[in-house]
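# Fold and geometry: a report
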Amino acid sequence: MHSFYGRVQQDPTLGPIFAARIDDWPEHLEKMCAFWSSVVLMSGRYKGRPMPVHARITELNGAHFEHWLALFRATAAEVCEPPAAAVFIDRAERIAQSLQMGIALHREAVESMRLAEAEGSQ
């Protein structure tokens, strides 16, 4: 996780998105280690709710997720043995898909509420 998020911080596309929201990288890395421990090892260490956090990032789109996944795949292939890399990559792809679907639903709901409010004020 440290290698991956080090790359994210330096990345010209993803770095600014993270930098605008993360003030304490060591704390974020600890949270991400707990998250991935829970996802891959089912340790139960992570207690957060990633969907609402990501849904609030209005500039996130599919290209950002694909770029994140490309960095993740490359890092996993470099730092993990192939079977472990495959597990991490599979989970990352599923998580990215889930987050994208959740964000799309959130945005649709927000837009529907905005339209309903606009119609109600007429």
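Description of the structure in this document. Since the structure is predicted, the reported quantities are computational estimates derived from the model, not experimental observations. (Residues numbered from 1 in each chain as written. Predicted model: local features only at pLDDT ≥ 70, side-chain atom pairs only at ≥ 80, totals over all residues. Heavy atoms only, no water.)

Quick look at the pattern of salt bridges now. This model, assessed by the stated rule, comprises five salt bridges. Where Arg73 meets Glu93, a salt bridge forms, and the shortest distance between an N and an O atom there is 3.0 Å. Of this pair, Arg73 sits in helix H5 (residues 62-79) while Glu93 sits in helix H6 (residues 82-120); the two residues are 20 residues apart in sequence, bridging distant segments of the chain. Judged by its relative accessible area of 29%, Arg73 is partly exposed. The shortest N-O distance in the salt bridge between Asp90 and Arg94 comes to 3.0 Å. Of this pair, Asp90 and Arg94 both sit in helix H6, separated by four residues, roughly a single helical turn. By sharing partners, the salt bridges in this structure join Asp90, Arg91 and Arg94 into a single network. (Salt bridge = Lys/Arg side-chain N within 4 Å of Asp/Glu carboxyl O. Helix = DSSP H or I, 4+ residues; strand = E, 2+ residues; numbered from the N terminus. Buried < 20%, exposed > 50% of the residue type's maximum accessible area, 1.4 Å probe, protein only.)

As for its position among the elements, Asp11 is in the loop between helix H1 (2-10) and helix H2 (15-19). Arg7 provides the closest opposite charge to the buried, salt-bridge-free Asp11, at an N-O distance of 9.2 Å. Filtering out sequence-adjacent residues up to four positions away, Asp11 remains in contact with Pro16, His67 and Leu71. (Lys, Arg positive; Asp, Glu negative; His and termini not counted. Contact = heavy atoms within 4.5 Å.)

Below, the discussion takes up the layout of surface pockets. Empty space within the largest pocket amounts to approximately 750 Å³. Lining the largest pocket we find 29 residues, and of these Phe18, His28, Met32, Val53 and His54 sit closest to its centre. Taken together, the elements giving at least two residues each to the lining of the largest pocket come down to H2, helix H3 (25-41), helix H4 (50-55), H5 and H6. Counting residues per element, the lining of the largest pocket draws most heavily on H3, at six residues. Residue composition of the lining of the largest pocket, grouped by class: 18 nonpolar, four polar and seven charged. (1 Å grid on protein atoms, 1.4 Å probe; cavity = no way out; pocket = protein on both sides within 12 Å on 5 of 7 lines; lining within 4 Å. Points joined across faces, edges and corners; volume = space filled by probe spheres on them. Nonpolar A, V, L, I, M, F, W, Y, C, P; charged D, E, K, R; others polar.)

Orientation of H1 relative to H3, taken along the N-to-C sense of each, is 130 degrees, at an axis distance of 10 Å. Relative to H3, the element H1 lies oblique. Seen along the crossing, H1 lies across H3 with a hand that is right-handed. For the pair formed by H1 and H3, the contact residues are His2, Tyr5 and Gln9 on the first element and Trp25, His28, Leu29, Met32, Cys33 and Trp36 on the second. (Axes fitted to C-alpha atoms, helices over the stretch in contact; angles between N-to-C directions. Parallel < 35°, antiparallel > 145°, perpendicular 65-115°, else oblique. Left-handed = near helix turned anticlockwise from the far one by under 90°.)

Within the secondary structure, Asp24 is located in the loop between H2 and H3. A sequence separation of 62 residues divides Asp24 from Ala86, and the C-alpha atoms of the two residues are 30 Å apart. Separated by 3.1 Å, the side chain of Asp24 and the backbone nitrogen of Glu27 make a polar contact. (Polar contact = N/O pair within 3.5 Å; in protein donor to acceptor, adjacent residues only side chain to side chain.)

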